[in-house]
Structure formats: C-alpha cells, structure tokens
Amino acid sequence: MPIELILGIAAFSTSMIAAIIGFGGGMLLIAILPIFLPPALVIPIHGVTQLTSNVSRAAFSYKYVKWQLLPPFLAGSIIGALLFGLVLYSVPTTFIPFAIGTYLILNLWYQPFARFISQFENYYLIGILQTGLGLIVGATGPLSLSILTKNLKSKDEVIATSAVFMTISHLAKVPIFMLITHLIWQSAGLVAVMVFSSIAGSFIGTKLRLKTHNDTVIFIIKWLLTLLAINMIYSVVRGTLVAS
C-alpha cells in the first residue's frame with residue numbers, strides 16, 4: 001500500500017477524532033508517523049498537518065467560536081512564545097508533563113483546587129503556558145481545553161474555541177518550520193495528501209459532533225483529559241525511577 005494512502009488515512013482519522021472530541025488527534029498522529037517516515041520529516045509534516053487540522057476544525061465551526069476570548073489568549077501566546085523560546089531551551093523540562101498532568105486532574109475533579117486556581121486562571125496565563133510550553137513539550141492543548149470545559153457549557157463552543165487557540169499555538173512554531181521548509185517541499189505530494197485528508201476528517205468529524213448529545217461529549221472530554229493526565233504523571237515517575 002502506498003505510503004501516501006496509509007498516512008492520508010491516518011491524517012483523516014486523527015483529524016476526525018479531534019473534530020469530535022476536541023483533542024487527541026495530534027498525539028495519535030505523532031505516534032504513527034515515525035513508523036513510516038525518517039526522523040527528520042516527522043516534526044515538519046506533523047506540524048503542517050496539525051495546523052491544517054486545527055484551522056479547518058475552527059473554520060467548520062466558526063459560528064461557535066467565542067471570539068471575545070481570543071485577544072487575551074493571543075496576547076498571552078505572544079508573551080509565552082518569546083519568554084519560553086528565550087529561557088526554557090536551557091532549562092530542564094523533565095517534570096513539565098508531571099506538572100501539567102497534576103494541574104489537569106486537580107482542575108477537573110477537585111473542586112477546592114478548581115475554586116482556588118480560578119482566582120488566577122485566565123486566558124492570558126493559559127496563552128502563555130500553552131503556546132510557550134508547546135515550543136518544547138507536547139500535549140499542551142489540554143491546558144486551554146480544561147478551562148474552556150469549565151467556562152463554556154456547549155461542546156461545540158468548547159471544541160471550536162479550542163481549535164482557534166491551538167491554531168495560534170501552532171503558528172508560534174512557524175519560525176521553526178521555516179528553517180526546515182526544504183524538507184517539506186521534498187515531500188510536497190505526501191504533504192498535500194495529508195493536508196487534504198485532515199480537512200476532510202475535520203469536516204466529517206464536525207458533522208458527527210453536531211449530531212452528538214452535548215453532555216456525552218463533555219463527559220468524554222473530561223475523562224480522556226484525565227487519562228492523558230495520568231499517563232503524563234506515570235511517564236515522568238517511571239522515567240525518574242528508571243534513571244535512579
């Protein structure tokens with residue numbers, strides 16, 4: 001089977017999943033790509049495909065986007081990209097996934113913590129953390145998804161607004177992609193297939209989500225975020241124990 005067909009199906013499927021539940025597609029795709037691509041191509045192709053997936057997901061649900069939340073997140077993202085880009089490349093990042101995982105679990109399920117953190121939790125801060133940390137570690141999208149799930153009642157508003165936020169976070173990586181543009185052009189045919197497939201996946205996934213009961217999707221999002229958080233914590237603890 002041609003690699004374009006295999007990865008086209010992967011891009012379609014993962015983009016559809018993200019359009020239905022708001023996240024997870026990018027993490028699945030990054031696990032699949034190394035099986036079929038040389039290491040140098042994995043990050044640029046994943047980045048372009050995910051940017052397309054998020055843009056198309058937001059476009060197909062644009063009327064549900066809470067645009068008033070965009071300015072503070074965008075301002076925070078600019079600060080985060082500059083701050084983390086300059087500082088954290090020289091700082092150990094081993095325990096960042098542990099911190100993100102702990103924050104997600106407490107924020108979703110422990111009401112005293114959720115009430116306490118809400119005093120400081122705002123879209124400026126979420127923009128700083130999601131975009132800044134996104135430059136150096138994976139799975140930062142759930143940071144905004146967790147606060148949106150608390151603040152917005154509609155699954156469609158949560159997922160559409162999250163897609164816009166994640167688009168901004170991915171755009172912060174454009175300077176990095178510009179350094180490896182030649183790798184993308186060398187695989188232009190494969191990139192085109194995956195971009196088209198991710199758009200198709202976003203379209204089908206959005207149609208399916210709009211027909212799904214609101215409480216069901218919100219429930220699924222909260223539990224999948226919880227499982228993701230547990231996996232983050234476990235991976236750091238396991239790595240620390242192995243290292244010791």
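Here the structure is shown first, and the text comes after it.
Residues numbered from 1 in each chain as written. Predicted model: local features only at pLDDT ≥ 70, side-chain atom pairs only at ≥ 80, totals over all residues. Heavy atoms only, no water.

**A look at the overall build of the protein**
Turning to step 1, where the next piece is worked out: Assigned secondary structure in the protein consists of 13 helices and zero strands.
Turning to step 2, where the next piece is worked out: Listing every helix and strand of the protein by position from the N terminus yields α-α-α-α-α-α-α-α-α-α-α-α-α.
Turning to step 3, where the next piece is worked out: For 244 residues, the compact-globule estimate of 2.2 N^0.38 gives 18 Å, and the C-alpha radius of gyration of the protein, at 18 Å, lies within 12% of that figure.
Turning to step 4, where the next piece is worked out: For the protein, the spread of C-alpha atoms along the principal axes amounts to about 55 × 50 × 35 Å.
Turning to step 5, where the next piece is worked out: Counting only residues that meet the buried cut, the protein has 47% of its 244 residues in that class.
Turning to step 6, where the next piece is worked out: In the protein, of all internal contacts separated by at least 6 residues, the share reaching a separation of at least 24 is 82%.
Turning to step 7, where the next piece is worked out: Of the roughly 12000 Å² of accessible surface on the protein, a fraction of 74% belongs to carbon and sulfur atoms.
Turning to step 8, where the next piece is worked out: The protein carries 13 positive and 5 negative side-chain charges, and their two centres are separated by 3 Å. (Helix = DSSP H or I, 4+ residues; strand = E, 2+ residues; numbered from the N terminus. Rg over C-alpha atoms; globule rule 2.2 N^0.38 Å. Buried < 20%, exposed > 50% of the residue type's maximum accessible area, 1.4 Å probe, protein only. Contact = heavy atoms within 4.5 Å. Areas by Shrake-Rupley, 256 points an atom, 1.4 Å probe, with all protein chains shown as cover. Lys, Arg positive; Asp, Glu negative; His and termini not counted. Charge placed at Lys NZ, Arg CZ, Asp CG, Glu CD.)

**Side note on the environment of Ile6**
Turning to step 1, where the next piece is worked out: Topologically, Ile6 is positioned in helix H1 (residues 3-21).
Turning to step 2, where the next piece is worked out: Using a relative accessible area of 23% as the deciding quantity, one classes Ile6 as partly exposed.
Turning to step 3, where the next piece is worked out: Distance from Ile6 to Ile128, taken between C-alpha atoms, is 36 Å for residues 122 residues apart in sequence.
Turning to step 4, where the next piece is worked out: Residues contacting Ile6, with those up to four places away along its chain left out, are Met1 and Phe36.

**Focus: the packing of aromatic side chains**
Turning to step 1, where the next piece is worked out: Evaluation of the coordinates by the stated rule reveals five aromatic pairs.
Turning to step 2, where the next piece is worked out: Between Phe60 and Phe203, the aromatic rings sit 5.3 Å apart at their centres with planes inclined by 70 degrees, giving edge-to-face as the arrangement. Highlighted residues: Phe60 in helix H3 (residues 39-60) and Phe203 in helix H12 (residues 188-210), separated in sequence by 143 residues.
Turning to step 3, where the next piece is worked out: We classify Phe60 as partly exposed; its relative accessible area is 35%.
Turning to step 4, where the next piece is worked out: Put simply, the rings of Phe73, Tyr123 and Phe165 touch in pairs and so form one group of aromatic residues.
Turning to step 5, where the next piece is worked out: Against the face of Trp109 rests Lys222, its NZ or CZ located 4.6 Å from the ring centre. (Phe/Tyr/Trp six-rings, centres within 6.5 Å; stacked < 30°, edge-to-face > 60°. Lys NZ or Arg CZ within 6 Å of the ring centre and 35° of its normal.)

**Focus: the environment of Ala114**
Turning to step 1, where the next piece is worked out: With respect to the helices and strands, the residue Ala114 is situated in helix H6 (residues 111-117).
Turning to step 2, where the next piece is worked out: Overall, Ala114 belongs to the buried group, its relative accessible area being 7%.
Turning to step 3, where the next piece is worked out: Sequence separation of Ala114 and Leu104 is 10 residues, and the distance between their C-alpha atoms is 9.8 Å.

**A short note on the packing of H1 against H12**
Turning to step 1, where the next piece is worked out: Following both chains from N to C, one finds H1 and H12 inclined at 30 degrees, their axes separated by 7 Å at the closest point. For the element pair H1 / H12, the angle class is roughly parallel. Seen along the crossing, H1 lies across H12 with a hand that is right-handed.
Turning to step 2, where the next piece is worked out: In the contact of H1 with H12, the residues fall into 13 nonpolar, eight polar and two charged. (Axes fitted to C-alpha atoms, helices over the stretch in contact; angles between N-to-C directions. Parallel < 35°, antiparallel > 145°, perpendicular 65-115°, else oblique. Left-handed = near helix turned anticlockwise from the far one by under 90°. Nonpolar A, V, L, I, M, F, W, Y, C, P; charged D, E, K, R; others polar.)

**With respect to the side chain of Thr14**
Turning to step 1, where the next piece is worked out: Looking at the secondary structure, you find Thr14 in helix H1.
Turning to step 2, where the next piece is worked out: Beyond its immediate stretch of four places on either side in the chain, Thr14 contacts Gly25, Leu28 and Leu29.

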